[in-house]
Amino acid sequence: MQALWLENNQLQLRTDIPTPEPAPGEALIRVLRAGICNTDLELIKGYYPYTGIIGHEFVGVVEQGADHLINQRVVGEINAACGYCRFCRRGQPTHCENRTVLGIVNRHGAFAEYLSLPIKNLHPVPENVSTEVATFTEPLAAALEIQAQVKISSDDRVLLVGDGKLGQLIAQTLALTGCELLVVGRHEDKLVNLAARGIKTGLADSVIDKYFDIAVDCTGNPEGFATARRGLRPRGTLILKSTYAGNLSLDASSLVVDEITLIGSRCGSFVPALELLATAKVDVDYLIDDSYPLCQGLAAFEKAKTKGVLKVLLEMN
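- The name recorded for the protein in an unreviewed UniProt entry is Alcohol dehydrogenase, from Cuspidothrix issatschenkoi CHARLIE-1.
- UniProt lists a comment for the protein under the heading Sequence similarities (unreviewed entry), and it reads "Belongs to the zinc-containing alcohol dehydrogenase family."
- Turning to the protein, the UniProt record has this under Cofactor (unreviewed entry): "Zn(2+)".

**Quick look at the pairing of strand β3 (residues 26–36)**
Right, so step 1: With 10 of 11 residues buried, β3 is to be regarded as a mostly interior element.
Right, so step 2: Both β3 and strand β5 (residues 57–64) contribute to a ladder of seven bridges, which runs antiparallel. Within β5, the residue paired with Arg-33 across the bridge is Val-59.
Right, so step 3: Sheet analysis places β3 next to strand β18 (residues 311–315), joined by four bridges and oriented antiparallel. Following the sheet pairing, Ile-36 is matched in β18 by Val-312.

**Considerations on helix α6 (residues 188–195)**
Right, so step 1: When we look at burial in α6, the residues that qualify are Lys-190, Leu-191 and Leu-194. Considered in projection along α6, the buried side chains sweep an arc of 95° and stay on one side of the axis.
Right, so step 2: Next to the buried residues of α6 lie α5 (165–175), β12 (180–184) and β13 (200–202).

**Observations concerning the layout of surface pockets**
Right, so step 1: Of the pockets and cavities examined, the second largest pocket occupies roughly 210 Å³.
Right, so step 2: Each residue belonging to the lining of the second largest pocket can be placed in one class, and the counts come to six nonpolar, seven polar and three charged.

**What about the environment of Gly-268?**
Right, so step 1: By the secondary structure assignment, Gly-268 is in the loop between β16 (261–264) and α9 (270–278).
Right, so step 2: With relative accessibility at 12%, the residue Gly-268 sits in the buried group.
Right, so step 3: As for Gly-268 and Val-184, which are separated by 84 residues in sequence, their C-alpha atoms are 23 Å apart.
Right, so step 4: Not counting the four nearest positions on each side in its chain, Gly-268 is found in contact with Glu-77, Ala-141, Ala-142 and Glu-145.

Cut-offs and rules
Residues numbered from 1 in each chain as written. Predicted model: local features only at pLDDT ≥ 70, side-chain atom pairs only at ≥ 80, totals over all residues. Heavy atoms only, no water. UniProt positions renumbered as here; feature names shortened; annotations may be inferred. Buried < 20%, exposed > 50% of the residue type's maximum accessible area, 1.4 Å probe, protein only. Helix = DSSP H or I, 4+ residues; strand = E, 2+ residues; numbered from the N terminus. Pairing = 2+ DSSP bridges. Arc of directions from axis to C-beta. Contact = heavy atoms within 4.5 Å. 1 Å grid on protein atoms, 1.4 Å probe; cavity = no way out; pocket = protein on both sides within 12 Å on 5 of 7 lines; lining within 4 Å. Points joined across faces, edges and corners; volume = space filled by probe spheres on them. Nonpolar A, V, L, I, M, F, W, Y, C, P; charged D, E, K, R; others polar.

As structure tokens, then:
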């Protein structure tokens, strides 16, 4: 089959990859669409030592291994857990000690004609959700994980730093809480998309020091972290929602003095994400900048690297 293969920080299009044979309890999925995200770009830069097929945001059709899902469109949670380690027993499979992660850790990913995942990871796509829209299920679930970790209400002042692909989704999900929300970024053309949806936006200099109860950094860079930290009040909560490619320097003493709660945030549940997409409470159509067939996958990655570009999709059919 055809696939995008990463090895030694080099991405190549290969046509000699065997179609996966699903293990017991897994399904074979024919991929329809897949989205390129910042984690994929960082993997190429060496963020994590990975060799294989990359990609983890996808929509596909089940062809084998799950009778109740055969011929249905599905999305899939990317962490394949063992089911018996201490984290799995605690109901925390995303931290399974033996997990594989689609297109990231020891499991071939979605930039291919086929992939395999545990049946328990799969979720049917509602009929009223298009295939293109459904490719946003994984990042939207990640955005919603913030609210699974921290209760946010209309009484909270929330600062979101970052106006990229994930920031756009986080902003829309936070806005649904009714909180006092400010989204800051570097790109007026991206911020205007949120402003058009009634979300207050600005540049870093619009952040009032120590004003916010909760600050979310989804920039993955030191400047974004510093802005989020600066805006946070004592005993506030700082949420890190990004792929940090290098080491991050921070003033640990100030975190202690201000008694800051620091939370890392990663993958989320697909069920609430699919509900938001099915009810059109979150808009993702405007985030799609371009689509490429898989055979032009290398060109798609070049486009995804381009400054200002949001989501680029790969079409497998």
